[in-house]
Amino acid sequence: MPSPAKRRKKNDFKSADQSVRGLDYFFAKQQANKGTPSSHGTGEEKPTCAERNEVTQETDEEYARRLQEQYDKEEQGLGISRSEAEDGIPNGTTSRLKSVEVPKAGSSERKPLEPTIRTLSLQHGTTAADKVTFAIPLDEDPLTFDLSTYISPLQAQWSSTGGNATYALLTHCFTIAGSTTGRIKTTNTLINTFRLLIAADPDSLLPAVWLSTNSISAPHDPMELNLGGSTISKALCKVYSLTPATLRTLYNKYGDGGDVAFEAKKRASLTLRKPKPLTVQGVYDDLGKIAKSTGKGSAEMKQGTVERMIRDAGTGEESRYLVRTLVQNLRIGAVKTTTLIALSRAFLLTAPPHPPESFTSAYDPTSVARMSKDARQELFLRAEELLKASYARHPSYATLVPALLEVGISPELLLRCGLSLHVPLRPMLGAITRDLPSMLAQLAGRAFTAEWKYDGQRAQVHCDDAGTVSIFSRHLENMTDKYPDLVSLVPQFRGEGVSSFILEGEVVAVNPETGQLLPFQTLSNRARKDVKQEDVKVQVCLYAFDLMYLNGSELLGRPLRERRNILKSLFNSIPRRFEWVRNLDATSEDVESVREFFQEATNNKCEGIMVKVLDNLDEDIKLAEQEDLIDGDVPSIPTRKKAKPAKGKEASKPSKAADESAENASEARPSRRKPLLATYTPDKRLESWLKVKKDYAQSADTIDMIPIGAWHGQGRKSKWWSPILLAVRNESTGLLEAVTKCMSGFTDKFYKENRAKYDPDGQAGGPPENEEDDDSDDLEAVERIGKNTLASKPMYVEYNGPEPDIWFEPQEVWECVFADVTLSPTYTAAIGLVSDERGLSLRFPRFLRVREDKSIEEASTSEFLAELYRKQAGDPDRPSAEKMEVEEEAELDDDGELYG
DNA sequence: ATTGTCTGCCC
DNA sequence: ATTCTGC
DNA sequence: GCAGAATGGGCAGACAAT
């Protein structure tokens, strides 16, 4: 799925455990330093959770007064910069933090610059101003939502923040969106929020969009918070006077740092508020400060900023979303696409207060409401597709939002936010295909090309006519610095007639002597920053497979065959440095040769193959024209899309369970509902590109492991165990060796049952179902708690990683699939069998099914795991058991059979 | 100087 | 990366 | 089928702790 994988973070607050130890340490320190009165919340104080505990005797009111004093000081220090900000100096960003750092030092004693009334109010819940905001029915249908009635009250309210929209408004939006799974409600809520901002405070729109999308900048613009669960949990401890243990308990219960903050704030009997509410801009600017801070002491500074932000949150909901924003996981059911849709409709219906000449006037909602349903849908769809097309080609809200404010929903947008050199476009992706027969069936009647799917790193290479080169990763990070060797190669492979281009390929580690492909792990050993060409240790080859832009023209609308021809004819391949992906052009008739090709790919350390439609068929072009899916050189603006025709249930989804008998190949050609185009469609995962990997197939290797422990899940999985720690048996020692955590492949139903089965709060009694009474692992007297769970790691388990939240009484066997066996720095399973220092683990582990037929004595062994590793590492033509010293050029022929 | 923790980003 | 789920 | 959510192994790099 095109998910924002870049922002995937764990933030599981597990590190809170570490601070338990740190706590004692700090306690000692604090005791020693006694007498130094603590000052809450200034960025400079020591980040210890203990600090607040140290003064737990003080009442809430005393605490409030102390905090009030501190805010007063802060206010003084801020006096000037505050008013600056109020006078509308746009980025009054640096002021706040600086002034927090500056004062203290005794200087800021009682010297009120002016007797401003500083009201730090002690109060429960919301203020009157909040009530204005929270009363807005943001989820109303945008066509009836009465924008104008809210603008004046909001602006009146915002006058206290210099006209800046409050964070409370955005929080209100998130709260409503987060309270439903319905997409319509979520979208409407975002639409109306954006409309309010467009109309009442357009400057806050961009920051609001960043915050809504869990990001602070475009991916190719390097700006990272470098702040995660660890820092935030420490900050929460401090702000809400929680012990790490309490925080941990809350976190285990809710599975979300934001929810913990919400609960903690609710429990605080009194709510302390700063006189001025948080603003959208202010929050965004604080994030910017966090991102900018580097070097020694930066962690402390970041934590200080986080604490202040959390402390300044007016309500529980604000705390919740502040924290979720800090961990960049809002969980409101809207990220990229929903935001784009919402933006498109917001601008369709709303104009900024003083629209520039260029602004394409917005529609009056009431007239849109009067349109026919079809006409309205078409209007919405056009706008939506326009934004999606723009974003796919130029994925940066920093460009998109200002452009929208200037030109509105207009074709002009694609000129301003279209494909640009040195701005990565979103890559086209391949749909997963279970095996070759289903691939052949899907592409029946089409000419396609199969390409090796190298196990490396995807790269998008830009070069302008001045010869400047940029290289971007799959998730659009700029990695030009990582590959100076490739950059210097560009002049060599760029042909005579080429001035500018964007091409795409896979960077793979290779043996420069033999050209042999090396595993992904080798590639990932490369340095990433400030790499000098002469320091490069891991040689790479770029295997090019597509060309999206050439000499000023987009090629996205051209069929792959044509793009490929241009690529191969205008660029020069350089052996072992810059080559074309190995490919085989074929049709569904060529069953055998395709299968051989696939085998050859996997034999050469490739993950499998990518299969791509080469040409547009007339019928598809017609179909596409109807749906306006075709892009020309200048992408056309989609005008209309039909409701999806009903489709018949597809060929039986093979039950993953046993049943090894592979299905038969060619089924009848499926009647296709969607055109299969050979164009390059950025940001889409279409069936015109199919991904076939050996581990997707039913015939893939699997391993049978024993669940031995687990963690509390997060978010929607917070009531269940996830992930779950799995182990193999070591036959010689009798120990269970942990191999991997697993979280993929479980259904909700399974989770529920699993949680009931391993229940520390359940009936303590009852021997495990399958148990055969013997105390084989006996004597160790493992302390049982609840049902099938253990109080601590049993002696017979071999595992050194992070401590699970719960240990299981081993009693069942689960079958799992995986892509590869990896040499592990953390797991010790099979240690000594293939490496003396490292154990083995799995790449992309996922649960398949319970092996009801197996007892734990029949689970896979570490020797079995080791053998899997040898098999994949060694010469695939030869069973590794009798492996010999053979190694030559790796131009292997294959004879393995696949998919019988 | 070395080791450990945390984060971001590859897959 | 992979997978599941609600719409 | 899309969009979103939850989370795998493992690496380099940046800091913090020792």
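Quick caveat: nothing in here was measured; it's all calculated off a predicted structure.

Quick notes on the rules
- Residues numbered from 1 in each chain as written.
- Chains lettered and ligands numbered in written order.
- Predicted model: local features only at pLDDT ≥ 70, side-chain atom pairs only at ≥ 80, totals over all residues.
- Heavy atoms only, no water.
- Helix = DSSP H or I, 4+ residues; strand = E, 2+ residues; numbered from the N terminus.
- Buried < 20%, exposed > 50% of the residue type's maximum accessible area, 1.4 Å probe, protein only.
- Areas by Shrake-Rupley, 256 points an atom, 1.4 Å probe, with all protein chains shown as cover.
- Pairing = 2+ DSSP bridges.
- Near = heavy atom within 4 Å.
- Nonpolar A, V, L, I, M, F, W, Y, C, P; charged D, E, K, R; others polar.
- Axes fitted to C-alpha atoms, helices over the stretch in contact; angles between N-to-C directions.
- Parallel < 35°, antiparallel > 145°, perpendicular 65-115°, else oblique.
- Left-handed = near helix turned anticlockwise from the far one by under 90°.
- Contact = heavy atoms within 4.5 Å.
- Domains from an automatic or database assignment.
- Buried area = accessible area lost by both parts, 1.4 Å probe.
- Salt bridge = Lys/Arg side-chain N within 4 Å of Asp/Glu carboxyl O.
- Lys, Arg positive; Asp, Glu negative; His and termini not counted.
- Core = buried A, V, L, I, M, F, W, Y, C linked by side-chain atoms within 4.5 Å.
- Disulfide = S-S within 2.5 Å.
- Arc of directions from axis to C-beta.
- Polar contact = N/O pair within 3.5 Å; in protein donor to acceptor, adjacent residues only side chain to side chain.
- Phe/Tyr/Trp six-rings, centres within 6.5 Å; stacked < 30°, edge-to-face > 60°.
- Lys NZ or Arg CZ within 6 Å of the ring centre and 35° of its normal.

### As for the overall build of chain A
So, step 1. Scanning chain A for helices and strands turns up 29 helices and 24 strands.
So, step 2. Out of the 900 residues in chain A, the part that is buried amounts to 53%.
So, step 3. When the accessible surface of chain A is totalled, it reaches about 40500 Å², and 51% of it is carbon and sulfur.

### Some details on the pairing of strand E21 (residues 814-817)
So, step 1. Here E21 shows a buried face lined by Trp814 and Cys816 and a second buried face lined by Glu815 and Val817.
So, step 2. Relative to E21, strand E14 (residues 702-712) runs antiparallel, the two sharing four bridges. Opposite Ile703, over in E21, you have Cys816 as the bridge partner.
So, step 3. Note that E21 and strand E24 (residues 846-850) share four bridges and pair antiparallel. Note on E24: the bridge partner recorded for Glu815 is Arg849.

### Observations concerning the protein's contact with DNA strand C
So, step 1. Around DNA strand C, the structure places 19 residues, and the nearest of them are Thr181, Arg183, Arg474, Tyr696 and Asp748.
So, step 2. Sugar plus phosphate, as a fraction of atoms of DNA strand C within 4 Å of the protein: 81%.
So, step 3. Residue composition of the surface near DNA strand C, grouped by class: five nonpolar, four polar and 10 charged.

### What to know about the packing of helix H8 (residues 183-200) against helix H16 (residues 336-349)
So, step 1. Put simply, H8 and H16 touch, their axes get as near as 8 Å, and they point 50 degrees apart. Judged by the angle between their axes, H8 and H16 are oblique. Two packed elements cross with a definite hand, and for H8 against H16 that hand is right-handed. Where H8 abuts H16, its residues Thr186, Thr187, Leu190, Ile191, Phe194, Arg195 and Ile198 lie against Thr338, Thr339, Ile341, Ala342, Leu343, Arg345, Ala346, Phe347 and Leu349.

### Considerations on the pairing of strand E4 (residues 448-453)
So, step 1. Of all six residues making up E4, six are buried, and the element is well covered by its neighbours.
So, step 2. In the sheet, E4 pairs with strand E11 (residues 583-586) via four bridges, with the strands oriented antiparallel. Residue pairing in the sheet places Phe448 in a bridge with Ala586 of E11.
So, step 3. Examined bridge by bridge, E4 and strand E12 (residues 608-613) share six bridges and lie antiparallel to one another. Residue pairing for E12: Lys453 is matched across the bridge by Gly608.

### Some words on the packing of helix H7 (residues 167-178) against helix H9 (residues 205-212)
So, step 1. Between H7 and H9, the shortest axis-to-axis distance is 11 Å and the interhelical angle comes to 40 degrees. In terms of axis orientation, H7 runs oblique to H9. Crossing hand, H7 versus H9: right-handed. Side by side, H7 and H9 meet where Tyr167, Leu170 and Phe174 of the first sit next to Ala208, Leu211 and Ser212 of the second.

### Side note on the domain arrangement of chain A
So, step 1. What the domain assignment lists for chain A is domain 1 (128-214 + 334-417), domain 2 (229-327), domain 3 (429-621) and domain 4 (702-763 + 782-876).
So, step 2. Listed per partner, the contact involves six residues of domain 2 and six residues of domain 4.
So, step 3. Both faces considered, domain 2 and domain 4 share a buried interface measuring about 410 Å² in area, 33% of it formed by carbon and sulfur atoms.
So, step 4. Connecting domain 2 to domain 4 are one salt bridge.

### Considerations on the pattern of salt bridges
So, step 1. This model, assessed by the stated rule, comprises 49 salt bridges.
So, step 2. Note that Arg416 is salt-bridged to Glu406, the shortest N-O span being 2.9 Å. On the criterion of sequence distance, the pair formed by Arg416 in helix H20 (residues 412-416) and Glu406 in helix H19 (residues 397-407) is long-range, its members being 10 residues apart.
So, step 3. In this structure, the salt-bridge partner of Asp761 is Arg755, at a minimum N-O distance of 3.8 Å.
So, step 4. With relative accessibility at 67%, the residue Asp761 sits in the exposed group.
So, step 5. Sharing partners across several salt bridges, the network here consists of Asp256, Asp259, Glu317, Arg320, Arg324 and Arg331.

### Description of the side chain of Lys691
So, step 1. Mapped onto the elements, Lys691 comes out in strand E13 (residues 685-693).
So, step 2. It turns out Lys691 is buried and unbridged, and the closest side chain with the opposite charge, Glu607, is 7.5 Å from it.
So, step 3. Every residue in contact with Lys691, bar those within four places of it in the chain, is listed here: Gly430, Ala431, Ile432, Thr433, Lys453, Ile609, Met610, Arg685 and Tyr696.

### Overview of the sheet that holds E4
Sheet strands line up and pair through hydrogen bonds in the backbone, either parallel or antiparallel.
So, step 1. Read across the sheet, five strands follow the order E3-E13-E12-E4-E11 without closing on themselves; strand pairing throughout is mixed. Edge positions in the open sheet fall to strand E3 (429-433) and E11, since each of these has one partner strand only. Mean inter-strand twist for the sheet, computed between neighbouring axes without regard to direction, equals 30 degrees.
So, step 2. Pairing analysis gives five bridges linking E12 to E13, with the strands arranged antiparallel. When the sheet's bridge partners are listed, Val611 is paired in E13 with Leu690.
So, step 3. Seen against the sheet, helix H25 (residues 560-570) touches E4, E11, E12 and E13 and runs at an angle of roughly 140 degrees to E11.

### A short note on the nonpolar core
So, step 1. Judged by nonpolar contacts, the single largest core of 94 residues is most densely connected at Leu205, Leu236 and Leu343.
So, step 2. Looking at this core element by element, the count peaks at eight residues for H8.
So, step 3. Two domains share this core, each providing at least three of its residues, namely domain 1 (128-214 + 334-417) and domain 2 (229-327).
So, step 4. Within the second largest apolar cluster, 41 residues are counted, among which are Ala450, Leu556, Leu676 and Tyr680.

### Remarks on the state of the cysteines
In a disulfide, the sulfur atoms of two cysteines are covalently bonded to one another.
So, step 1. On inspection of all chains with the given rule, the structure shows zero disulfides.
So, step 2. Unpaired in this structure, Cys816 has its nearest cysteine sulfur neighbour in Cys742, at a distance of 4.6 Å.
So, step 3. A relative accessible area of 0% means that Cys816 is categorised as buried.

### Brief notes about helix H28 (residues 748-757)
So, step 1. Along H28, the positions that sit buried rather than exposed are Phe750, Tyr751, Asn754 and Arg755. Buried residues of H28, seen end-on, are gathered within an arc of 135 degrees and therefore sit on one face of the element. What points out from H28, more than 90 degrees from its buried face, is the exposed set Lys749 and Lys752.
So, step 2. For H28, the secondary structure elements touched by its buried residues are strand E15 (721-729), strand E20 (806-808), E21 and E24.

### Quick look at helix H27 (residues 618-627)
So, step 1. Those residues of H27 lying buried are Asp620, Ala624 and Glu627. Across the axial projection of H27, the buried residues extend over an arc of 60 degrees, all falling on one side. Facing away from the buried surface of H27 by more than 90 degrees, the exposed residues are Asp618, Glu619, Lys622 and Glu625.

### A word on the side chain of Lys336
So, step 1. Within the secondary structure, Lys336 is located in helix H16.
So, step 2. Lys336 gets classed as buried once you look at its relative accessible area, which sits at 15%.
So, step 3. At 2.8 Å, the side chain of Lys336 and the side chain of Asp683 are in polar contact.

### Here's the deal with the packing of aromatic side chains
So, step 1. One pass over the full model with this rule turns up 26 aromatic pairs.
So, step 2. When the centroid spacing of 4.6 Å and the interplanar angle of 25 degrees are considered together, the rings of Phe746 and Phe847 count as stacked. Residue Phe746 is located in the loop between strand E16 (736-742) and H28, and its partner Phe847 is located in strand E24; the two are separated by 101 residues in the primary sequence.
So, step 3. Classification of Phe746 by relative accessible area gives buried; the value is 10%.
So, step 4. The exposure class of Phe847 is buried, given its relative accessible area of 5%.
So, step 5. Cation over ring: Lys612 sits above Trp689, and NZ or CZ is 3.8 Å from the ring centre.

### Focus: the environment of Ala165
So, step 1. Residue placement: Ala165 occurs in the loop between helix H6 (147-158) and H7.
So, step 2. Residues Ala165 and Leu154 lie 11 residues apart in sequence; the distance between their C-alpha atoms is 8.0 Å.
So, step 3. Beyond its immediate sequence surroundings of up to four residues, Ala165 is in contact with Trp158, Leu197, Asp201, Ser204, Thr279 and Val280.

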